[in-house]
Amino acid sequence: MHYLKFKREQTGKCNICGKIEKLTWDHVPPKGGQAFNDIEQESIFQYLAGSNGERRYQFSQNGVKYRTICSNCNNALLGAKADPVLNELAADVMLMIKTRLTLPQATIHVKTKPALICKSLLGHMLSATGDFGMSKIDDRYREYVLDEAMIIPKGIKVFYWIYPYMSLKVIRDIAMPRYRGEWSDFSRGGVGMFSILKYPPVGYLATDLNEYEGLHELTQYCGSSLDDEAEIPFRLDVIQPEYWPEAGEDNFVMGGEGLGNGVSARPRSKRK
Ligand SMILES: [Zn+2]
């Protein structure tokens, strides 16, 4: 049985800046961006293993949160500027979907500040590793989140898609084949490393691959300054299943250390 570790000692090494500081609670997704707060959550291990045997859940009335980053990283770095943009994008996309009956086109465009979205996403992915992440991927994420002058992450691309489901998935550092399909497809392209954050209405993944499954790439819209705006496209004609991309018969997943604190959460069912 794997136990979730959301809470570290009150003082420790901040998952983002690496300083020994008082650790603060970081909400994933950021406060104000959650579609539901009263949740039941299970580890990504348990979720990926499927429903065999008894499943254990932990409950929370204020969403998924990790005590892993210092107040400066939590409030100044992410909370002040980047998180509100991420939350606003979620709200804008939600509104567009709700009014889509009046929008016959298959693609909608939503104005946002892509670089700030990337900062927020990669910052919270760092937070969601539980312990201070030692992997090369964590190093790359940290370099990007901490350097205000770095507008586009190095060696990482962020992709996104419409996720119209009432659930939250936080998945760090999994390897998946570049091409979905059968073994012949898997061996054709090798594997990429992925971190995934999905909650309604948008799913995001960060990967070292240059493209994935025809998804729109967010990092290409980052521009040349943090505040650069872009109208980013969302396809409404291709809706992937809730479990995509981590599950499905046309795929396999290998997990690294970061997987341990990944979470699958959904609104708490009334029976429990
Ligand atoms: Zn910090």
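What comes next is a walk through the structure.

Rules used throughout
Residues numbered from 1 in each chain as written. Predicted model: local features only at pLDDT ≥ 70, side-chain atom pairs only at ≥ 80, totals over all residues. Heavy atoms only, no water. Donors = N, O, S within 2.8 Å, 3.2 Å for Na, K, Ca; no water. Buried < 20%, exposed > 50% of the residue type's maximum accessible area, 1.4 Å probe, protein only. Axes fitted to C-alpha atoms, helices over the stretch in contact; angles between N-to-C directions. Helix = DSSP H or I, 4+ residues; strand = E, 2+ residues; numbered from the N terminus. Parallel < 35°, antiparallel > 145°, perpendicular 65-115°, else oblique. Contact = heavy atoms within 4.5 Å. Left-handed = near helix turned anticlockwise from the far one by under 90°. Nonpolar A, V, L, I, M, F, W, Y, C, P; charged D, E, K, R; others polar. Disulfide = S-S within 2.5 Å. Polar contact = N/O pair within 3.5 Å; in protein donor to acceptor, adjacent residues only side chain to side chain. Phe/Tyr/Trp six-rings, centres within 6.5 Å; stacked < 30°, edge-to-face > 60°. Lys NZ or Arg CZ within 6 Å of the ring centre and 35° of its normal. Salt bridge = Lys/Arg side-chain N within 4 Å of Asp/Glu carboxyl O.

## Some details on the coordination of the zinc ion
Those donors, Cys14 (SG), Cys17 (SG), Cys70 (SG) and Cys73 (SG), are the protein atoms that reach the zinc ion, and they lie 2.3 Å from it. Between consecutive donor residues of the zinc ion, the sequence gaps follow C-x2-C-x52-C-x2-C. Given the relative accessible area of 0%, cysteine 14 is considered buried.

## Topic: the packing of helix α2 (residues 71–98) against helix α3 (residues 114–127)
Where α2 meets α3, the closest approach of the two axes is 8 Å, and the angle between their N-to-C directions is 105°. Here α3 runs roughly perpendicular to α2, going by the angle between their axes. Along the contact surface, α2 presents Leu78, Lys81, Ala82, Asp83, Val85, Leu86 and Leu89, while α3 presents Leu116, Ile117, Lys119, Ser120, Leu121, Gly123 and His124.

## Brief notes about the packing of α3 against helix α4 (residues 136–146)
Relative orientation of the contacting elements α3 and α4 amounts to 135°, with a least axis distance of 9 Å. As judged from the angle between their axes, α3 and α4 are oblique. Between α3 and α4 the crossing geometry is left-handed. Touching Ala115, Cys118, Lys119, Leu122, Gly123, Met125 and Leu126 of α3 are Asp138, Tyr141, Arg142, Tyr144 and Val145, all from α4. Classifying every residue of the contact of α3 with α4 gives 8 nonpolar, 1 polar and 3 charged.

## Quick notes on the state of the cysteines
Counted under the stated rule, the structure contains 0 disulfides. The structure places no disulfide on cysteine 118, whose sulfur is separated from the nearest cysteine sulfur, that of cysteine 222, by 3.9 Å. The buried category is assigned to cysteine 118, whose relative accessible area is 0%. Judged by relative accessible area, cysteine 222 falls into the buried class, the value being 0%.

## Quick word on the environment of tyrosine 144
Within the secondary structure, tyrosine 144 sits in helix α4. The contact partners of tyrosine 144, leaving out residues within four places of it in the chain, are Ala115, Cys118, Lys119, Leu122, Met150, Ile151, Ile152 and Pro153. A distance of 2.9 Å separates a polar side-chain atom of tyrosine 144 from the backbone oxygen of isoleucine 151.

## Focus: the environment of phenylalanine 252
Secondary-structure assignment places phenylalanine 252 in the loop between β12 (230–235) and β13 (254–255). Measuring from C-alpha to C-alpha, the distance between phenylalanine 252 and methionine 176 comes to 5.9 Å, with 76 residues separating the pair along the chain.

## Focus on the packing of aromatic side chains
Scanning all chains against the criterion turns up 8 aromatic pairs. Each ring, one from tryptophan 161 and one from tryptophan 244, has its centre 5.3 Å from the other, and the planes form 85°; the classification is edge-to-face. With tryptophan 161 in strand β7 (residues 157–162) and tryptophan 244 in the loop between β12 and β13, this residue pair connects regions lying 83 residues apart in the sequence. We note that tryptophan 161, like tryptophan 244, is buried. Arranged with centres 5.6 Å apart and planes meeting at 25°, the rings of tryptophan 183 and phenylalanine 252 form a pair that is stacked. Of the two residues, tryptophan 183 sits in helix α5 (residues 183–189) while phenylalanine 252 sits in the loop between β12 and β13, which places them 69 residues apart along the sequence. Residue class for tryptophan 183 comes out exposed when judged on its relative accessible area of 66%. Phenylalanine 252 gets classed as partly exposed once you look at its relative accessible area, which sits at 23%. Feature note: the residues Trp161, Phe194, Tyr212 and Trp244 constitute an aromatic cluster, connected by ring pairs. Positioned over the ring face of tyrosine 179 is arginine 188, at 4.2 Å from the centre of the ring.

## Considering the pattern of salt bridges
Counted under the stated rule, the structure contains 14 salt bridges. In this structure, the salt-bridge partner of arginine 266 is glutamate 40, at a minimum N-O distance of 2.8 Å. Of this pair, arginine 266 sits in strand β14 (residues 263–267) while glutamate 40 sits in strand β3 (residues 39–43), and the two are 226 residues apart along the sequence. Exposure remark for arginine 266: the relative accessible area of 36% places this residue in the partly exposed category. Residue aspartate 185 is joined to arginine 188 by a salt bridge in which the shortest nitrogen-to-oxygen separation is 3.3 Å.

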